[in-house]
Amino acid sequence: MPTPSMEDYLERIYLLIEEKGYARVSDIAEALEVHPSSVTKMVQKLDKSDYLVYERYRGLVLTAKGKKIGKRLVYRHDLLEDFMKLIGVNNEYIYQDVEGIEHHLSWDAIDRIGDLVQFFQEDEGRVKQLREIQKKNEEE
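Residues numbered from 1 in each chain as written. Predicted model: local features only at pLDDT ≥ 70, side-chain atom pairs only at ≥ 80, totals over all residues. Heavy atoms only, no water.

Enquirer: When you look at the nonpolar core in this model, what are you seeing that I'm missing?
Expert: The nonpolar side chains of a soluble globular protein tend to be buried with one another. Ranked by internal contacts, the top residues of the largest apolar core, which has 22 residues, are Ile13, Ile28, Leu46, Leu52 and Leu60. Secondary-structure elements contributing two or more residues to this core are helix H1 (4-20), helix H2 (25-32), helix H3 (36-48), strand E1 (52-55), strand E2 (59-62) and helix H4 (64-86). It is H1 that provides the largest number of residues to this core, a total of six residues. Within the second largest apolar cluster, 13 residues are counted, among which are Phe83, Leu86, Val98 and Val117. (Core = buried A, V, L, I, M, F, W, Y, C linked by side-chain atoms within 4.5 Å. Buried < 20%, exposed > 50% of the residue type's maximum accessible area, 1.4 Å probe, protein only. Helix = DSSP H or I, 4+ residues; strand = E, 2+ residues; numbered from the N terminus.)

Shown next as structure tokens:
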């Protein structure tokens, strides 16, 4: 399995390729707010781990393995954002909170959170009931 840092890069590379059709070192560096030299080092590690194919000055392409993991990482991030919104976390904290926890949860925990989000999304009455409980608890 990739390290948390590798996951951040794979997630961002996957998103860039989905959005733009390609991901250059400069694009990745800008998106992750790191130096291009750091991106080059990580991309070389990802290449050696068979997550992508990197050719200097020509760009990079995710392997099937890299695409699969990238897609799953984006799903995890989006699911955790949905979960945070669902439970009423203030929007200004959601991104930071997700970044703080996403690497520390098992895929089993992610799947259970997915079940919970689905449970609430299937019936708006459940979300309304949750909001009423939250409001009551805040008043106490």
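Enquirer: Is there a simple way to think about the UniProt feature "domain: HTH dtxR-type" (unreviewed entry) in the protein in this case?
Expert: Under the local residue numbering, the UniProt record ascribes the feature "domain: HTH dtxR-type" (unreviewed entry) to residues 1-63. The span residues 1-63 carries 60% helix and 13% strand; its end-to-end C-alpha distance comes to 15 Å. (UniProt positions renumbered as here; feature names shortened; annotations may be inferred.)

Enquirer: Looking at this structure, how should I read the UniProt feature "binding site: Mn(2+) 2" (unreviewed entry) in the protein?
Expert: Those residues carrying the UniProt feature "binding site: Mn(2+) 2" (unreviewed entry) are Glu11, His77, Glu99 and Glu102 in this numbering. The largest pairwise C-alpha distance within this set of annotated residues, which runs over 92 residues, is 11.8 Å, so the set is compact in three dimensions. The subset of the named residues that lines the largest pocket consists of Glu11, His77 and Glu99. Structurally, His77 is set in helix H4. If we skip the residues at most four places from it in the chain, His77 touches Glu11, Tyr95, Val98, Glu99 and Glu102. In terms of polar contacts, His77 uses its side chain to reach the side chain of Glu81, at 2.8 Å. Within the secondary structure, Glu102 is located in the loop between helix H5 (91-101) and helix H6 (107-121). Setting aside anything within four residues of it in sequence, one finds Glu102 in contact with Asp8, Glu11, Arg76, His77 and Leu80. Of note is the side chain of Glu102, whose polar atom sits 3.1 Å from the side chain of His77. (1 Å grid on protein atoms, 1.4 Å probe; cavity = no way out; pocket = protein on both sides within 12 Å on 5 of 7 lines; lining within 4 Å. Contact = heavy atoms within 4.5 Å. Polar contact = N/O pair within 3.5 Å; in protein donor to acceptor, adjacent residues only side chain to side chain.)

Enquirer: Honestly, the pairing of E1 in this entry has me stumped. Any pointers?
Expert: Burial along E1 is one-sided: the face carrying Leu52 and Tyr54 is buried and the face carrying Val53 and Glu55 is not. Examined bridge by bridge, E1 and E2 share four bridges and lie antiparallel to one another. Note on E2: the bridge partner recorded for Glu55 is Gly59. Counted between consecutive antiparallel strands, the loop separating E1 from E2 contains three residues, among which Tyr57 sits at a positive phi close to 70°. (Pairing = 2+ DSSP bridges.)

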